[in-house]
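A structural walkthrough
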Amino acid sequence: MADEEEEIILSDLDDAELVEQMMDDLYDGLKDEITEGVNILLERGWAPYRILTEALVAGMTIVGKDFRDGILFVPEVLLAANAMKAGMSILKPLLAETGAPTIGRMVIGTVKGDIHDIGQNLVTMMMEGAGFEVKNIGINNPLENFIEAAGEFDADILGMSALLTTTMPYMKVVIDAMKEQGIRDDYIVLVGGAPLNEEFGRAIGADAYCRDAAVAVETAKEFMARRHNRVSA
Amino acid sequence: MTDALSRMLSTRDWILADGATGTTLFNMGLSSGDSPELWNVDAPDNIRALYRGPVEAGSDLFLTNTFGGNAARLKLHDAQDRVAELNRVGAEIGREIADAAGRTVVVAGSMGPTGEVMAPLGTLTYATAVQMFEEQAAGLKAGGVDVLWIETISAPEEYRAAAEAAGRVGLPYCGTMSFDTAGRTMMGTTSVDMVKMVGKLDPAPLAFGANCGTGASDLLRTVLGFAEAGATRPIIAKGNAGIPKYVEGHIHYDGTPEVMADYAALARDCGATIIGGCCGTTPEHLRAMREALETRPRGDAPSLDRIVAALGGFSSATDGTTDDGPKRERRGRRRGAGAG
């Protein structure tokens, strides 16, 4: 841009400066700069998992916090998520090769009748960024979709999203069906969406309500840690 | 000034709008996830009952059951080819109920968001959005609505697209946004931003304002913001009856009729002219709101503290219209590029 005060040559920065700059660039949603930064760190011998956690996830954590605090809004977060995605597309195949640790597996989707997938797309990005494997089954899912996908994907976590007061009760329909089939406790069920609240989450039998993508990641980590403790106990 | 709402606005200093559509239909047995608009054709008696609720409770204006009646939303139910029909029938039933009321009741054709993200962030172009809204607006016009009612919008471009569609079909319109994220819309629009945006629209809305969002107190803070920003057009306040709770298989909003009566009187004191409820607002609430508007004296604009005392706390410390909100210190070395 014309009013740029300082041209930044990413490859001239040392590792610490570069990572800091990448976090800034992620915040500003600069996709090309993130791609370049990831490639430079790879050339410098950084492990893909280290780039993911120290640059991308750390950067997205700030974005998530500022979204939660009402400093950033959906447009900025979508731009940041796109930049993150660009970095992830380089790292993902490498992570698979190097056997980087997966924290858990999640299926996420918008419930039947609901088209609003901004929230769940953000959650998907943030969860992947945090080291989860996520299968995003998109919008307008009847209960069969959730249950089949969770089974096929061998998910630990089932996430449901709804933006409308007319669709949010459907979350309970899904949870009730899982109970009937005796599979409710096989999954950590997380719910989210603008009209929901904690009490609603409890009342329909979800494990937790997550008010935004950053909280979803924290909550998912917490539940996975508890689950591991339980299994090993 | 030929339309019913303009006439009403010229003779009245407050107008009672309606309450909830979606949550009311659930209580009549609509299954969650199903399209409420299909009931216009499949269960018209339920829609008659839906419309009669606010009319019998004293509302001067009610919205048609067509919130999700655009092609993008109806596609979920494989009904994208029925936009014209479902909107027309939803409006016709509204006309029938309003005309039988024995007094002037305005039928407002509800147009909710497409649910898609507008380009360049998303895939929905402005032109396509206008086209979708125009298709819906034409159906509503054919069914005889008095005015179009754009609601629950988050993105300014989407509001503009719907406004342009209203202009194309030649109907007056009102339009509200949902301020549900730290006092702003999901897309970051503040009350002040909306006043500026609305001021530039051609055609201009008959009235503009806020609906849904979070609680009733947040909504009134937004209305205060409109008034302080120097809004010249009538302001609409359609807040939720408290927050949603799940009780015995139904969504129940925790705001009582008494609370909503306080809300209605406060909304008028904040500067709103068209006052109604949104999710969870039943005819019982509307009756209490009508009584409050008729019997309580008009007061000065309340302080934020008074709103909190009457209706409960805000969901965020500020609403983005002042400089004392949360901030992030930026290093900002790449200044030209970002928000800095």
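Here, residues in each chain are numbered from 1, in the same order as that chain's written sequence. Working convention: letters from A go to chains and numbers from 1 go to ligands, in the order in which they are written. In keeping with the predicted nature of the model, local features appear solely for residues at pLDDT of at least 70, side-chain atom pairs appear and are counted solely at 80 or more, and the whole-chain, interface and lining totals rest on all residues.

**Considerations on the overall build of chain B**
- Numbering goes from the N terminus for both helices and strands, where a helix is a DSSP run of H or I of at least four residues and a strand is a run of E of at least two. If you tally the helices and strands in chain B, you get 13 helices and 10 strands.
- The dimensions of chain B, computed from C-alpha atoms along their principal axes, are 60 × 45 × 45 Å.
- The burial tally for chain B puts 57% of its 340 residues in the buried class.
- Here the analysis covers contacts within chain B between residues at least 6 apart in sequence; of these, 79% occur between residues at least 24 apart. For the exposure call, what matters is how many other C-beta atoms sit within 10 Å of a residue's own: 20 or more marks it buried, 12 or fewer exposed, and in between partly exposed, using C-beta atoms placed from the backbone. Placing C-beta atoms from the backbone, we regard two residues as in contact once those atoms come within 7 Å.

**Describing the sheet that holds strand β10 (residues 272-277) of chain B**
Residues and elements named next belong to chain B.
- Spatially, the 8 strands line up as an open sheet ordered β1-β10-β7-β6-β5-β4-β3-β2, and their pairing is parallel. Of all the strands in the sheet, the pair left with one neighbour each is β1 (15-16) and β2 (61-63).
- Two strands qualify as a pair provided that DSSP identifies no fewer than 2 bridges between them. Strand direction decides the pairing type here: strand β5 (residues 173-177) and strand β6 (residues 207-212), joined by 4 bridges, are parallel. Across the sheet, residue C174 finds its bridge partner in β6, namely A207.

**Some remarks on the packing of helix α1 (residues 15-27) of chain A against helix α4 (residues 74-98) of chain A**
All names here are of chain A.
- In this description, a line fitted to the C-alpha atoms serves as the axis of each element, helices being fitted only across the stretch in contact, and the angle between N-to-C directions of two axes falls anywhere from 0 to 180 degrees. At a closest axis distance of 7 Å, the pairing of α1 and α4 adopts a crossing angle of 130 degrees. Put simply, α1 runs oblique to α4. Together, D25, L26 and Y27 of α1 and A80, A83 and M84 of α4 make up the contact between the two elements. If an angle is under 35 degrees, it is roughly parallel; if it is over 145, roughly antiparallel; if it lies from 65 to 115, roughly perpendicular; otherwise it is oblique.

**What about the domain arrangement of chain A?**
Residue and element names in this part refer to chain A.
- Domain limits in this description derive from either an automatic procedure or a database domain assignment. Split into domains, chain A comes out as domain 1 (10-98) and domain 2 (105-232).
- Distance between the C-alpha centres of domain 1 and domain 2: 26 Å.
- Taken together, the contacts link 14 residues of domain 1 with 11 residues of domain 2.
- Listed by contribution, the elements that provide at least two residues to the side of domain 1 that touches domain 2 are α3 (48-68) and α4.
- Counting residues per element, the side of domain 1 that touches domain 2 draws most heavily on α3, which supplies 8 residues.
- Side-chain classes follow a simple rule in which Ala, Val, Leu, Ile, Met, Phe, Trp, Tyr, Cys and Pro form the nonpolar group, Asp, Glu, Lys and Arg form the charged group, and the remainder, Gly included, forms the polar group. Among the residues forming the side of domain 1 that touches domain 2, the class breakdown is 9 nonpolar, 2 polar and 3 charged.

**A closer look at the pairing of strand β2 (residues 133-136) of chain A**
Residues and elements named next belong to chain A.
- Alternating residues of β2 divide into V134 and N136, all buried, and E133 and K135, none buried.
- Bridge count for strand β1 (residues 105-110) against β2 is 4 bridges, and the pairing is parallel. Counterpart to M106 in the pairing with β2 is V134.
- When the strands point away from the viewer, a crossover counts as right-handed if the route from the first strand across the helix to the second turns clockwise. After leaving β1, the chain enters helix α5 (residues 118-129) and then returns to the sheet as β2, a path that is right-handed.

**Remarks on the environment of A:I71**
- Here A:I71 shows up in the loop between α3 and α4.
- Leaving out residues up to four positions away in the same chain, A:I71 has contacts with A:D66, B:P326, B:K327 and B:R328.

**Examining the interface of chain A and chain B**
- Residue-level contacts link 40 residues of chain A with 41 residues of chain B.
- Those elements giving two or more residues to the side of chain A that touches chain B turn out to be α1, α4, α7 (170-180) and α8 (198-203) of chain A.
- Looking at the side of chain A that touches chain B residue by residue, the classes come out as 20 nonpolar, 8 polar and 12 charged.

**Thoughts on the pairing of β10(B)**
All names here are of chain B.
- For β10, a buried count of 5 out of 6 residues is recorded, marking the element as mostly surrounded by other parts of the structure.
- Here 2 bridges tie β1 to β10, and the two strands are oriented parallel to one another. Residue pairing in the sheet places L16 in a bridge with I275 of β10.

**Section: helix α7 (residues 126-142) of chain B**
All names here are of chain B.
- Compared with an ideal rise of 1.5 Å per residue, which puts 17 residues at 24 Å, α7 spans 24 Å between its outermost C-alpha atoms and is within 8% of the ideal.
- Among the residues of α7, A129, V130, M132, F133, Q136, A137, G139 and L140 are the ones counted as buried.
- Contact partners of the buried residues in α7: α5 (71-74), α6 (83-99), β3 (106-111), β4 (147-153) and α8 (156-169).
- Just downstream of α7 lies G144, where phi reads positive at about 95 degrees. How far a helix is expected to stretch is found by multiplying one less than its residue total by 1.5 Å.

**Let's talk about the sheet that holds strand β3 (residues 157-161) of chain A**
Residue and element names in this part refer to chain A.
- Pairing is parallel across the open sheet formed by 5 strands, whose spatial order is β2-β1-β3-β4-β5. Among the strands making up the open sheet, the edge pair consists of β2 and β5 (208-209).
- Together, β1, β2 and β3 form the strand contacts of helix α6 (residues 143-152), whose direction differs from that of β1 by roughly 165 degrees.

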